[in-house]
Amino acid sequence: MTRHSVGHEMLNLINGSKWETRPNISKNAKIMIHPELKNVMLLKPGCYMNVSGTVVSPVWQRIKENLGKQGHNVRLICIHDELSKEAGQFQLRYGEVSSRGHNGLRSVVGHFGNDFFRFGVGIGRPDDKKNVAEYVLSKMPRNEWEKIVWDVSPKLNDVIEMLAKADTVELKNGKLVGK
């Protein structure tokens, strides 16, 4: 597993036994639903991360239209690697914020706009900033992945549950508040 694939790996972590794959929604993405969290879907694009907006946007628009008609609050959260945070840390952001050079986020913004949450999973930053591409594509050390599993994964589950159950949510000082 590379540092750059940490978003997909986080989906694999939370994609436990209760999540069911939904066929025939998209040929370019794997989509899973949870029987208890009716308005939550996990979408894993089947393309290169740097062009993921081409898959996320049309699928998301279709989901948003269908669930919105049924009166569900529909929210998108992109889970991605975050250089500005160390392994074991995360950052939740929303709306018109910088993509910080992350081409996958830039692709989603370019095809979809800024109306989504960003859950950045810390991967740390290389000492030599010239080698960022090499760093994010390098294998993640086991001890860093374990920090993410134990420290970040439960927080992601909390965020997903709040987004699913709260009528309204807002971000205050980096923390999600639901009502």
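Source: prediction; values computed, not measured.

1. Digging into the side chain of histidine 80
Step number 1: The residue histidine 80 is located in strand 4 (residues 77-82) in this model.
Step number 2: Residue classification places histidine 80 among the buried residues on the basis of a relative accessible area of 4%.
Step number 3: Beyond its immediate chain neighbours, meaning those up to four positions away, histidine 80 contacts Val6, Gly7, His102, Leu105, Arg118, Phe119, Gly120 and Val121.

2. A short note on the pairing of strand 3 (residues 41-45)
Step number 1: Here strand 3 lies mainly inside the structure; four of its five residues are buried.
Step number 2: Taken together, the five bridges between strand 2 (residues 29-33) and strand 3 define a ladder with antiparallel strand orientation. Of the residues in strand 3, the one forming a bridge with isoleucine 31 is leucine 43.

3. A word on helix 2 (residues 53-69)
Step number 1: Look at helix 2: 23 Å from first C-alpha to last across 17 residues, which is about the 24 Å you get at 1.5 Å a residue.
Step number 2: Lining the buried residues of helix 2 we find strand 2, strand 3 and helix 3 (103-112).

4. Remarks on the confidence of the model for the protein chain
Step number 1: Predicted confidence across the protein chain gives a mean pLDDT of 84, with 94% of residues reaching 70 or more.
Step number 2: For the protein chain, per-element mean pLDDT is lowest for strand 1 (residues 20-21), which scores 77, and highest for strand 6 (residues 117-122), which scores 92.

5. Remarks on the environment of serine 153
Step number 1: Position of serine 153 relative to the elements: it lies in helix 5 (residues 142-165).
Step number 2: Using a relative accessible area of 9% as the deciding quantity, one classes serine 153 as buried.
Step number 3: A sequence separation of 63 residues divides serine 153 from phenylalanine 90, and the C-alpha atoms of the two residues are 9.6 Å apart.
Step number 4: Excluding anything up to four places from it in sequence, serine 153 contacts Met10, Leu13, Ile14 and Ile148.

6. Brief notes about the sheet that holds strand 1
Step number 1: With antiparallel pairing, three strands are arranged side by side in an open sheet as 1-2-3. Two strands in the sheet have a free side with no partner beyond their single neighbour: strand 1 and strand 3.

7. Some details on helix 5
Side chains that are three or four residues apart share a direction in an α-helix, a result of its 3.6 residues per turn.
Step number 1: Taking 1.5 Å per residue, 24 residues should reach 34 Å; helix 5 reaches 34 Å between its end C-alpha atoms and fits that length.
Step number 2: By the largest-angle criterion, valine 152 marks the main kink of helix 5, which is about 40°, and a proline, proline 154, follows within four residues.
Step number 3: Every buried residue of helix 5 is accounted for by Glu144, Trp145, Ile148, Val152, Ser153, Leu156, Val159, Ile160, Leu163 and Ala164.

8. Focus: the sheet that holds strand 5 (residues 90-94)
For sheets, the rule is that strands pair by backbone hydrogen bonds, running either parallel or antiparallel.
Step number 1: If you trace the three strands from one edge of the open sheet to the other, you get 4-6-5, paired in mixed fashion. Among the strands making up the open sheet, the edge pair consists of strand 4 and strand 5. Ignoring which end each strand starts from, the neighbouring axes of this sheet average 20° apart.
Step number 2: Sheet analysis places strand 5 next to strand 6, joined by five bridges and oriented antiparallel. Across the sheet, residue arginine 93 finds its bridge partner in strand 6, namely arginine 118.

What counts as what
- Residues numbered from 1 in each chain as written.
- Predicted model: local features only at pLDDT ≥ 70, side-chain atom pairs only at ≥ 80, totals over all residues.
- Heavy atoms only, no water.
- Helix = DSSP H or I, 4+ residues; strand = E, 2+ residues; numbered from the N terminus.
- Buried < 20%, exposed > 50% of the residue type's maximum accessible area, 1.4 Å probe, protein only.
- Contact = heavy atoms within 4.5 Å.
- Pairing = 2+ DSSP bridges.
- Expected span 1.5 Å × (residues − 1).
- pLDDT = per-residue confidence, 0-100.
- Bend = angle between axes of the 7 residues up to and from the residue.
- Axes fitted to C-alpha atoms, helices over the stretch in contact; angles between N-to-C directions.

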